[in-house]
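A structural walkthrough
Spelled out, the chains give:
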Amino acid sequence: FAWSAMAFLLVFLVTREGSAVSLNAELKDHASFTVPVSESAASASRPKGIIPINISVAPVVLIPGIGGSILVDESTGLHVWIRFYEASYYFQRYMWGKYDANKETLSPFPGQPSVSPRLSGFGLDAIRNLDPSVDVWPVYDYLSYFDAIIGYLESQGWVPGYNLFGVPWDWRQSQCWPPTMSRMKDTILEAKRASGRNVTLISHSMGSLVVKCFIATYPDIFEKTVDAWISIAAPFKGAGAKIFMEFLQGYNLGNIVIGAEDAKGLSLESPAVYELLPYLDFPWKQQPPFIAISLNGKRQVYDSNGATGSYYDELLRKALANHRVTPPGSFFSLPEPFNEACWNLSLATRARVSSVVLPAKVRFYNAYGVQQGTPVGLEFGPLASWDELQSAKYVALLADGDGTVSAESAAAHGLGRTVGTLTVAADHMGIMTHPDTLRFVLDALYDRI
């Protein structure tokens, strides 16, 4: 593909001012938005004022999933997620908080710093490599995230700040959190303003749910500025049994130096985590996500469609009723049960995005992982109390998927039509660097599918 792309590659003298184009009347109010100047090595390596531009395709905006944006201390810029050094300390001090139902926001504990996404490099620095201080294999493979896609697009002539942008977001918050929606709107409008073309979105994992929220929040802007959307490994109907473990025993998003209980302390107050729970009453063709227990000699099953008469949220409430957390610097623990306000917000979010309609002119492409054992059910052995679910051993029932998201959930986008679908024999993160994925992305960008 490199030789065909290079046929369209020209070198222009371009300045930020000279790249401005007129938006239509409905978008003029947003044309003055400015993206922070990149300090990334990729930008610094190019001679100033000389940008190789691929003029044959649309600009690209990248949207990461949960855990996929660098977060920093708002006042100092200190990198706090993701950290592999002193990770537990920084995670508790900066990432934990308390959900404020009135603001629908996870807020810091009193005296704790506030965090927000890193915005440098046109939104790309925060999603390319999640901890640039680590360059040791195999850890780097986990951290590199959008690095392969960004590098591939740059090699084909896409230029950060001209036709390549990112939308990092505070992934602890709801996928529909207003600041995230506003940042995404401004970035899409800037991408259109800078290049003069409509945009193609590329989203990974929960980033695809963020795109659905954006369509629901700004349907007119989406229709007028977006020509195509490429979704990769999206949990359209939830993340299955791994998210159950996030609640019951903690799941560290692959950061091996963060304890499960540390991760759980965040998850129980994070709206985004509740929004990843399996959809209720979805007509699963395969096994619906479930939790089965044997309590006092009686087997009970809690699932996502009520087929057994009991839904999984009932079990989570009982299992977490006595859970407590000790805030950083405190000698006293606080109750941290299943958060009803977060749960209710997640139900409202699901209802909101389920009704999204894709404009007829927007091309939709869906890529997801297969041939990886993916937990959809948890079977616990004999228990004497509900509290034991927070530490008891279990057996996972596996289905086809990417190890995190089942193939059925990833395929159930609910948008009605797909221009192209790709299944890749890769796990949830590995799909981001797989050659088949990169070829699929380039073909979709050139409208060759």
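Residues numbered from 1 in each chain as written. Predicted model: local features only at pLDDT ≥ 70, side-chain atom pairs only at ≥ 80, totals over all residues. Heavy atoms only, no water.

A count of helical and extended segments in the chain gives 16 helices and 19 strands. The buried share of the chain, reckoned over its 449 residues, is 58%. In the chain, once contacts between residues fewer than 6 apart in sequence are set aside, the share between residues at least 24 apart is 77%. When the accessible surface of the chain is totalled, it reaches about 17,800 Å², and 56% of it is carbon and sulfur. (Helix = DSSP H or I, 4+ residues; strand = E, 2+ residues; numbered from the N terminus. Buried < 20%, exposed > 50% of the residue type's maximum accessible area, 1.4 Å probe, protein only. Contact = heavy atoms within 4.5 Å. Areas by Shrake-Rupley, 256 points an atom, 1.4 Å probe, with all protein chains shown as cover.)

Attention now moves to the sheet that holds strand β18 (residues 394-401). The sheet built from four strands is open, its strands ordered β13-β12-β17-β18 with mixed pairing. In the strand order of this sheet, the two ends are held by β13 (298-303) and β18, each with one partner. Averaged over all neighbouring strand pairs, the angle between strand axes comes to 20°, with direction disregarded. Here five bridges tie strand β12 (residues 290-295) to strand β17 (residues 372-383), and the two strands are oriented parallel to one another. Bridge pairing in β17 places Leu295 opposite Leu383. Strand contacts of helix α10 (residues 241-248): β12, β17 and β18, with the helix running at about 45° to β17, the strand carrying the most contacts. Along the sheet face, helix α13 (residues 312-319) touches β12 and β13 and points at about 115° away from the line of β13. (Pairing = 2+ DSSP bridges. Axes fitted to C-alpha atoms, helices over the stretch in contact; angles between N-to-C directions.)

With 127 residues, the main nonpolar core has Leu62, Leu201, Ile232, Phe247 and Ile293 as its most contacted residues. Ignoring any residue separated from it by four or fewer positions in sequence, one finds Ile293 in contact with Lys298, Arg299, Gln300, Tyr302, Leu315, Phe380, Leu383, Trp386 and Leu389. Counting residues in hydrophobic clusters, the runner-up holds five residues, among them Tyr368, Val405, Ala407 and Ala410. (Core = buried A, V, L, I, M, F, W, Y, C linked by side-chain atoms within 4.5 Å.)

Let's shift gears to the state of the cysteines. One pass over the structure, following the stated rule, counts one disulfide. Covalently, Cys176 is tied to Cys213 through a disulfide, its sulfur atoms 1.8 Å apart. With the S-S bond torsion at -70°, the cross-link from Cys176 to Cys213 turns out left-handed. Of this pair, Cys176 sits in the loop between β9 (164-166) and α7 (178-195) while Cys213 is found in helix α8 (residues 207-217), placing the two residues 37 residues apart along the sequence. Classification of Cys176 by relative accessible area gives buried; the value is 9%. In this structure Cys213 comes out as buried when scored by relative accessible area, which is 0%. (Disulfide = S-S within 2.5 Å.)

Attention shifts here to the packing of α13 against helix α14 (residues 340-354). Between α13 and α14, the least distance of the axes is 12 Å, while the angle of their chain directions is 160°. When the interaxial angle is binned, α13 and α14 end up roughly antiparallel. In this structure, the crossing between α13 and α14 has a hand that is right-handed. Packed against α13, whose contacting residues are Tyr312, Asp313 and Arg317, the element α14 presents Glu340, Trp343 and Arg350 at the interface. For the contact of α13 with α14, the per-class residue count stands at two nonpolar, no polar and four charged. (Parallel < 35°, antiparallel > 145°, perpendicular 65-115°, else oblique. Left-handed = near helix turned anticlockwise from the far one by under 90°. Nonpolar A, V, L, I, M, F, W, Y, C, P; charged D, E, K, R; others polar.)

Time to look at the sheet that holds strand β19 (residues 420-424). Strand order in the open sheet made by the six strands is β9-β3-β10-β11-β16-β19, with parallel pairing throughout. Of all strands in the sheet, those with a lone pairing partner are β9 and β19, marking the two edges. For this sheet the average axis-to-axis angle between neighbouring strands, irrespective of direction, equals 15°. Sheet topology places strand β16 (residues 363-369) next to β19; five bridges connect them, and they run parallel. Considered in β19, the bridge of Gly369 is made with Val424. In this fold helix α16 (residues 435-445) packs onto β3 (60-63), β10 (199-204), β11 (226-232), β16 and β19, with an angle of close to 170° to the strand it touches most, β19.

For the rest of this paragraph, the subject is the environment of Thr433. Structurally, Thr433 can be placed in the loop between β19 and α16. Classification of Thr433 as partly exposed rests on a relative accessible area of 41%. Sequence separation between Thr433 and Ser144 is 289 residues; the distance between their C-alpha atoms is 9.2 Å. Each residue touching Thr433, except ones within four places of it in the same chain, is listed here: Ala148 and Leu438.

One pass over the structure, following the stated rule, counts twelve salt bridges. With a shortest N-O distance of 3.0 Å, Glu154 and Arg128 are connected by a salt bridge. Within this pair, whereas Glu154 is found in helix α6 (residues 147-155), its partner Arg128 is found in helix α4 (residues 125-128), the two being separated by 26 residues in sequence. Assessed through its relative accessible area of 16%, Glu154 is described here as buried. With its nearest N and O atoms 3.4 Å apart, the salt bridge here joins Arg363 to Asp447. Here Arg363 is found in strand β16, whereas its partner Asp447 is found in the segment after α16, with 84 residues between them in sequence. A relative accessible area of 45% places Asp447 in the partly exposed class. Among the charged side chains, a salt-bridge network with shared partners connects Arg128, Asp147 and Glu154. (Salt bridge = Lys/Arg side-chain N within 4 Å of Asp/Glu carboxyl O.)

We describe a pair of aromatic rings using the distance from one ring centre to the other and the angle between the two ring planes. According to the stated counting rule, one finds 20 aromatic pairs in the structure shown. An angle of 85° between the planes, with centres 5.1 Å apart, marks the rings of Tyr89 and Tyr90 as edge-to-face. For Tyr90, a relative accessible area of 13% gives the class buried. Here Arg93 stacks its cationic end above the ring of Tyr94, 5.6 Å away from the centre of that ring. (Phe/Tyr/Trp six-rings, centres within 6.5 Å; stacked < 30°, edge-to-face > 60°. Lys NZ or Arg CZ within 6 Å of the ring centre and 35° of its normal.)

Another point: the pairing of β10. A regular strand carries its side chains on alternate faces of the sheet. Summarising burial for β10: six of the six residues are buried, a large majority. Covered by surrounding structure in β10 are Val199, Leu201 and Ser203 together with Thr200, Ile202 and His204, the residues of both alternating faces. Looking at chain direction, β3 and β10 are connected through four bridges and run parallel. Residue pairing across strands places Val61 opposite Leu201, the latter belonging to β10. Taken together, the six bridges between β10 and β11 define a ladder with parallel strand orientation. Bridge pairing in β11 places Thr200 opposite Ala228.

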